[in-house]
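Examining the three-dimensional arrangement
The chain contents come next:
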Amino acid sequence: MGFEGADALDGSRVAAELRDDPSALSPAAARSVAATLLADGRFSEPYCEWLPLWYETALIAPVRYGEWRLRRVAAAVADAANVTVTAPQFSRAQDVTIDGRPALERVSGFRDRFLLADALLHVEWFEHAAAADGIEVPSGLVERTREESLSYYGGDRDRLSEPVRRFQRLLFADDAWVRRVDESYGLDSGLFGLWERLLRAERERLASA
């Protein structure tokens, strides 16, 4: 998207230092890592609330355990570099309306709920992580993306404007991250496979729109 500050941190170097010696991270790198871990940990429980009850019930315990683990690692990284980071707050399903109606009344089925949740919560995740990295994301783009995406994925809007469509296409590229996690840990997870297929299909659809 050409955001200012996107090249301030060397991602490959940060990953190598995190793997080899987390205490060697600079304050800026440590802030980036810790903020991302906190966002990852906080993300899943609100996401579950957007999906069917069977999904939330099945995943809530491992999700909360995962957040606890990520918060511990984030705290250790931040403390070692003497930096302060906070976790973001994500939109809860019961608090969001679309065209004056509760958001979940506008969607049905797992796929539609999954895409609506991702289109909203991933923007919020990115805004938090980008701020920790010193990346300047135009506030107008964030608000426009939120407004258009809610109406598009859960309302009556028939298309996204070009900047929002491009932004969402990049955010939906998490299918590659899901695949790497599944392969790296040898999970062969049917759930991860479903996530990857849904994310990839929506990314490709946005790319061809």
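Check the entry above for the structure.
Quick look at the structure, then. Given the structure is predicted, the values throughout are model-derived calculations rather than measurements.

1. Focus on the pattern of salt bridges
Taken as a whole and judged by the stated rule, the model has 18 salt bridges. Two residues, glutamate 162 and arginine 165, come together in a salt bridge whose shortest N-O distance is 2.8 Å. Separated by three residues within a single helix, glutamate 162 and arginine 165 lie in helix α6 (residues 162–171), roughly one turn from each other. When the shortest N-O distance is used, the salt bridge between arginine 203 and aspartate 175 registers 3.0 Å. In this pair, arginine 203 is assigned in helix α8 (residues 190–208) and aspartate 175 in helix α7 (residues 175–184), connecting sequence segments 28 residues apart.

2. A few points about α8
It helps to recall that an α-helix has 3.6 residues per turn; residues three or four apart then point in one direction. With 19 residues, α8 extends 27 Å between its outermost C-alpha atoms, agreeing within 8% with the 27 Å of an ideal straight helix rising 1.5 Å per residue. Listed in full, the buried residues belonging to α8 are Phe192, Gly193, Trp195, Glu196, Leu198, Leu199, Glu202 and Leu206. Against α3 (53–81), α4 (110–133), α5 (139–154), α6 and α7 lie the buried residues of α8. You can read the cap of α8 off the contacts: a side-chain oxygen lies 3.2 Å from the backbone nitrogen of leucine 191, and it is on serine 189.

Parameters and conventions
- Residues numbered from 1 in each chain as written.
- Predicted model: local features only at pLDDT ≥ 70, side-chain atom pairs only at ≥ 80, totals over all residues.
- Heavy atoms only, no water.
- Salt bridge = Lys/Arg side-chain N within 4 Å of Asp/Glu carboxyl O.
- Helix = DSSP H or I, 4+ residues; strand = E, 2+ residues; numbered from the N terminus.
- Expected span 1.5 Å × (residues − 1).
- Buried < 20%, exposed > 50% of the residue type's maximum accessible area, 1.4 Å probe, protein only.
- Contact = heavy atoms within 4.5 Å.
- Polar contact = N/O pair within 3.5 Å; in protein donor to acceptor, adjacent residues only side chain to side chain.

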